[in-house]
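Below, each chain spelled out in residue letters.
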Amino acid sequence: MTFQTIAIDDIPAEDLNLAPVALDQWHSVPQQIYNTVDIPLYPGQRVTGIGSHFAPRRFPLKFLFQPASFAARDAALTSLVSRFAGQVQITTRDNPNKVLFAYLEQMPVTAPYNAFVEPFAVADIQLVAFDPLWYDKYPVVGSAAAGASIALAMGSAAVRRLLVHIIGAVTNPVIILYDQTGTEIQRMTFTIVLGANDYLSVDMDRGTIVKSVNGVLSDAFATWATQEAFLQLRPPYSYTLTCSGAALFTYHHRSYKT
Amino acid sequence: MSYSTGALEVGRRSSFFFEWFAADGLRDGQLVARTNQIATFGSTSTGSITNSAGGTATAGVKMPRLVAVDLDLDTALEALGLKLNNSLGETCSFPFGALPQALSLYQKIVFNGTLASTPTLVRIGTDSSGAGNNALITSLTSGGAAQANFKNGGTSHTVSVGSGLNAGDVLEMLTQVAVVAGTVTLTQLRCRNGGAIETSSSTSGGTLFAAWSDATLRLMLAATPCDSAYVAIRVAPGVLSFIDFRGS
């Protein structure tokens with residue numbers, strides 16, 4: 001496996017016998033849109049934008065084919081196109097652990113020389129990432145003993161897929177999110193008794209709360225206090241998470257504008 | 001409801017029989033394959049979790065130990081793996097509905113165990129010498145070889161490749177089950193730390209049977225602790241190569 005330039009679904013371009021010769025926009029910050037509301041309508045509010053704060057990222061990528069024969073050119077182009085059957089995950093050498101999710105929009109193919117004298121070809125791939133943010137390929141894992149804090153590492157855009165496990169034994173745990181000044185930002189309060197073999201799994205992205213009682217999973221949403229919200233982490237702030245009565249386990253994906 | 005951020009959760013139907021990645025984490029407290037099989041997980045003791053900063057903590061009993069691991073061998077713990085250790089009573093299995101046929105089984109682990117035993121890494125079916133025992137079993141030998149065992153009516157057909165394995169090694173194993181005119185040919189491949197791919201000579205696996213002795217895919221069935229971290233397991237129809245599995 002030779003990762004020198006760019007990879008599509010973790011397959012390095014070099015392994016597909018492709019030579020990237022041009023790349024654009026992969027580090028650009030996409031157009032940002034001021035979004036007045038990103039939640040359902042409340043009386044008196046008016047929708048001025050929905051969906052993402054960001055415009056899609058269009059991602060031109062040019063590959064040079066240098067096959068030994070016309071048949072090899074045909075095979076290489078077929079192989080390349082087959083990699084784009086739906087959403088693909090793009091990584092580059094700049095940071096192989098950051099990924100962008102994109103779709104093939106179009107792929108004009110041209111010949112730099114006489115097309116049937118030299119088998120060389122150039123593929124101008126136009127990718128579109130409707131979500132233009134880069135994400136951690138793998139989540140960041142955090143852990144802390146009861147009363148200790150987990151520093152939640154941040155990227156340059158909102159955190160995604162924050163999952164928190166509250167590990168028993170504990171009665172009525174409260175997890176508290178602090179910002180970098182030590183100010184409490186949010187808390188989640190639960191009315192539940194967790195034994196030594198139990199834990200509570202709180203998924204901030206999916207909006208679910210599940211308890212595991214000696215390995216038996218069940219919904220525990222009703223144990224959560226009303227008037228509270230799932231935790232949201234947004235830069236430029238940095239956060240710590242703590243629970244005075246229970247050990248915590250977390251993982252989350254950071255996101256990046258570039 | 002509209003969400004202001006977050007990657008589009010666009011489904012793409014997998015062409016694989018089974019696809020599971022530790023990096024997908026938990027869904028409602030459960031390990032769920034991308035092909036939607038839900039794991040049965042159990043443990044009897046608390047185990048250790050390693051976080052991305054290298055610190056450790058204690059996981060809850062029966063809590064899947066998703067730990068930070070190093071996949072690119074730069075000592076930073078940038079990835080996620082599922083640790084399983086027999087001494088903690090940890091078990092993990094998924095339903096496996098595909099019938100016996102030509103298939104390829106890929107697995108990627110971060111090895112952190114002992115080679116004094118022969119840990120079974122992935123097993124489809126059961127493991128016995130009984131006449132009805134039909135299974136595909138992958139394991140490590142005491143010398144660190146990647147080994148596949150195609151149990152056909154209780155008769156073992158074994159093939160292995162490679163040697164040597166150290167704690168922290170990133171091990172990829174690919175087991176190819178080819179079927180020609182009803183006869184199985186078994187080949188095992190191994191790639192250690194992204195290096196050269198080692199390929200065994202092929203061996204006969206006997207006549208293809210009609211059903212696995214248990215329609216279950218199980219992980220880490222060692223008599224002694226292994227404590228390695230699973231990163232990915234994928235099973236696809238047909239005989240495929242490493243490049244078909246390394247992508248995500």
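Reference entry: report on the structure contained in this document. (Residues numbered from 1 in each chain as written. Chains lettered and ligands numbered in written order. Predicted model: local features only at pLDDT ≥ 70, side-chain atom pairs only at ≥ 80, totals over all residues. Heavy atoms only, no water.)

Secondary structure summary: chain B contains one helix and 20 strands in total. Dimensions of chain B, computed from C-alpha atoms along their principal axes, come out at roughly 55 × 45 × 35 Å. A total of 248 residues make up chain B; the buried ones form 54% of that total. Across chain B, the fraction of contacts at a sequence separation of at least 24, relative to all contacts at a separation of at least 6, is 61%. Carbon together with sulfur atoms contributes 50% to the accessible area of chain B, which is approximately 9000 Å² in total. Computed over 15 positive and 16 negative side-chain charges, the inter-centroid distance for chain B is 5 Å. (Helix = DSSP H or I, 4+ residues; strand = E, 2+ residues; numbered from the N terminus. Buried < 20%, exposed > 50% of the residue type's maximum accessible area, 1.4 Å probe, protein only. Contact = heavy atoms within 4.5 Å. Areas by Shrake-Rupley, 256 points an atom, 1.4 Å probe, with all protein chains shown as cover. Lys, Arg positive; Asp, Glu negative; His and termini not counted. Charge placed at Lys NZ, Arg CZ, Asp CG, Glu CD.)

A word on the side chain of A:Lys137. Within the element layout of this structure, A:Lys137 appears in the loop between β9 (134-136) and β10 (140-144). Every residue in contact with A:Lys137, bar those within four places of it in the chain, is listed here: A:Asp10, A:Gln89, A:Pro96, A:Asn97, A:Lys98, A:Val99, A:His253 and B:Ala23.

The full count for this structure, using the stated rule, is 15 salt bridges over all chains. A:Arg254 is paired through a salt bridge with A:Asp136; the nearest N and O atoms lie 2.8 Å apart. Of this pair, A:Arg254 sits in strand β21 (residues 247-256) while A:Asp136 sits in strand β9, placing them 118 residues apart in sequence. For A:Arg254, a relative accessible area of 22% translates into the label partly exposed. On the basis of relative accessible area, A:Asp136 is assigned to the buried category, the value being 5%. The closest approach of N and O atoms between B:Asp127 and B:Lys151, which form a salt bridge, is 3.1 Å. Placement of B:Asp127 in the loop between β11 (120-124) and β12 (135-140) and of B:Lys151 in strand β13 (residues 146-152) is noted, with a sequence separation of 24 residues between them. (Salt bridge = Lys/Arg side-chain N within 4 Å of Asp/Glu carboxyl O.)

The next thing to look at is the environment of A:Ile175. Residues and elements named next belong to chain A. Relative to the assigned elements, Ile 175 resides in strand β14 (residues 174-178). Taking the C-alpha atoms as reference, Ile 175 lies 5.4 Å from Met 188; in sequence the two are 13 residues apart. Sequence-distant contacts of Ile 175, defined by excluding residues within four places in its chain, comprise Val 164, Ile 166, Gln 186, Arg 187, Met 188, Phe 190, Met 204, Leu 231, Leu 241, Thr 242, Cys 243 and Leu 248.

The next subject is the pairing of strand β10 (residues 103-110) of chain B. Residues and elements named next belong to chain B. For β10, the tally of buried residues reaches eight of eight residues, placing the bulk of the element in the interior. Neither face of β10 is open: one carries Leu 103, Leu 105, Gln 107 and Ile 109, the other Ser 104, Tyr 106, Lys 108 and Val 110, and all of them are buried. Here β10 pairs with strand β15 (residues 170-180) via eight bridges, running antiparallel. Looking at the pairing, Lys 108 lines up with Glu 172 of β15. Taken together, the eight bridges between β10 and strand β20 (residues 229-237) define a ladder with antiparallel strand orientation. Bridging across to β20, Ser 104 finds its partner in Ala 236. (Pairing = 2+ DSSP bridges.)

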